[in-house]
Amino acid sequence: MNRVDRAKQFLPFDAMKGLKEALLEREEKLSRVAKHDFSEETKEELSYTLSRITNNTEIEMTFYRKGHYYDLLGTVSRINTVYQYLLIGEEKIFFDDIYSLSILDG
C-alpha cells in the first residue's frame, strides 16, 4: 500500500453526511432576534450623524441583517443619499438597518 492510500484510512469519517451543516443552520435560525424599534430622539441622532459622513470617513456601527446584529469598524467608500445606503468595503448597509453609528476621530 502506497503512502497516499495509507494516509486516507486515517481521514475523519462523517457517518451522517450533512448533519453538521443542518445543526449549524438550525442554531442560526434559533439565535435570530427581532429588529428593535427606535425612539424619535434616536432617529434624529442617527440622522445627524449620517449627515456628517462623507467618503473616507472612519466609522463604527452596529447594524441589523437577517435576524442578527453585527458590529462593523471601517471606512466609508461611498454614501448614497438617494437609495439611502453606506458602502464600507464590499458591505452595503442601508440606513434603516443601522442600529448605532459613531464617527471615529482620527
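Refer to the structure printed above.
Residues numbered from 1 in each chain as written. Predicted model: local features only at pLDDT ≥ 70, side-chain atom pairs only at ≥ 80, totals over all residues. Heavy atoms only, no water.

Focus: the side chain of Thr62
Move 1: Summarising the element assignment, Thr62 is placed in strand 1 (residues 58-65).
Move 2: Of note is the side chain of Thr62, whose polar atom sits 2.7 Å from the side chain of Asp71.
Move 3: Once residues within four sequence positions are removed from consideration, Thr62 is found in contact with Tyr69, Tyr70, Asp71, Asp97, Ile98, Tyr99 and Ser100. (Helix = DSSP H or I, 4+ residues; strand = E, 2+ residues; numbered from the N terminus. Polar contact = N/O pair within 3.5 Å; in protein donor to acceptor, adjacent residues only side chain to side chain. Contact = heavy atoms within 4.5 Å.)

Details of the environment of Asp71
Move 1: On the secondary structure map, Asp71 appears in strand 2 (residues 68-80).
Move 2: Taking the C-alpha atoms as reference, Asp71 lies 7.5 Å from Glu60; in sequence the two are 11 residues apart.

Quick word on the pairing of strand 2
Move 1: Where strand 1 and strand 2 come together, 8 bridges link them in antiparallel fashion. Each bridged residue has a counterpart across the sheet, and for Ile59 the counterpart in strand 2 is Gly74.
Move 2: Between strand 1 and strand 2, which pair antiparallel and follow one another directly, the connecting turn spans 2 residues, one of which, Lys66, has a positive phi of 50 degrees.
Move 3: Sheet analysis places strand 2 next to strand 3 (residues 85-88), joined by 4 bridges and oriented antiparallel. Following the sheet pairing, Ile79 is matched in strand 3 by Leu86.
Move 4: Hairpin remark: strand 2 followed by strand 3, antiparallel, with 4 residues in the connecting loop; positive phi at Gln84, about 55 degrees. (Pairing = 2+ DSSP bridges.)

Section: unusual backbone geometry
Move 1: Residue Asn56 is not a glycine yet carries a positive backbone phi of 70 degrees.
Move 2: One non-glycine residue with positive phi stands out, namely Gln84, at about 55 degrees.
Move 3: Among the residues examined, Gln84 registers a relative accessible area of 39% and is labelled partly exposed. (Buried < 20%, exposed > 50% of the residue type's maximum accessible area, 1.4 Å probe, protein only.)

Some remarks on the side chain of Asn80
Move 1: You can see Asn80 is positioned in strand 2.
Move 2: Residues within four places of Asn80 in sequence aside, it is in contact with Tyr85 and Phe95.

Looking at the packing of aromatic side chains
Move 1: Applying the stated criterion to the full structure yields 5 aromatic pairs.
Move 2: Each member of the aromatic cluster is reached from another via a ring pair, and the members are Phe38, Tyr64, Tyr69 and Tyr99.
Move 3: Positioned above the aromatic ring of Tyr85, the side-chain terminus of Lys92 is 4.5 Å from the ring centre. (Phe/Tyr/Trp six-rings, centres within 6.5 Å; stacked < 30°, edge-to-face > 60°. Lys NZ or Arg CZ within 6 Å of the ring centre and 35° of its normal.)

As for a nonpolar patch on the surface
Move 1: Taken together, Met16, Leu19 and Leu23 make up a surface patch of nonpolar side chains, about 300 Å² in accessible area.
Move 2: With respect to the helices and strands, Leu19 occurs in helix 2 (residues 19-30). (Patch = residues over 30% accessible without salt bridge, like charges linked within 9 Å, V, L, I, M, F, W, Y side chains within 5 Å. Areas by Shrake-Rupley, 256 points an atom, 1.4 Å probe, with all protein chains shown as cover. Salt bridge = Lys/Arg side-chain N within 4 Å of Asp/Glu carboxyl O.)

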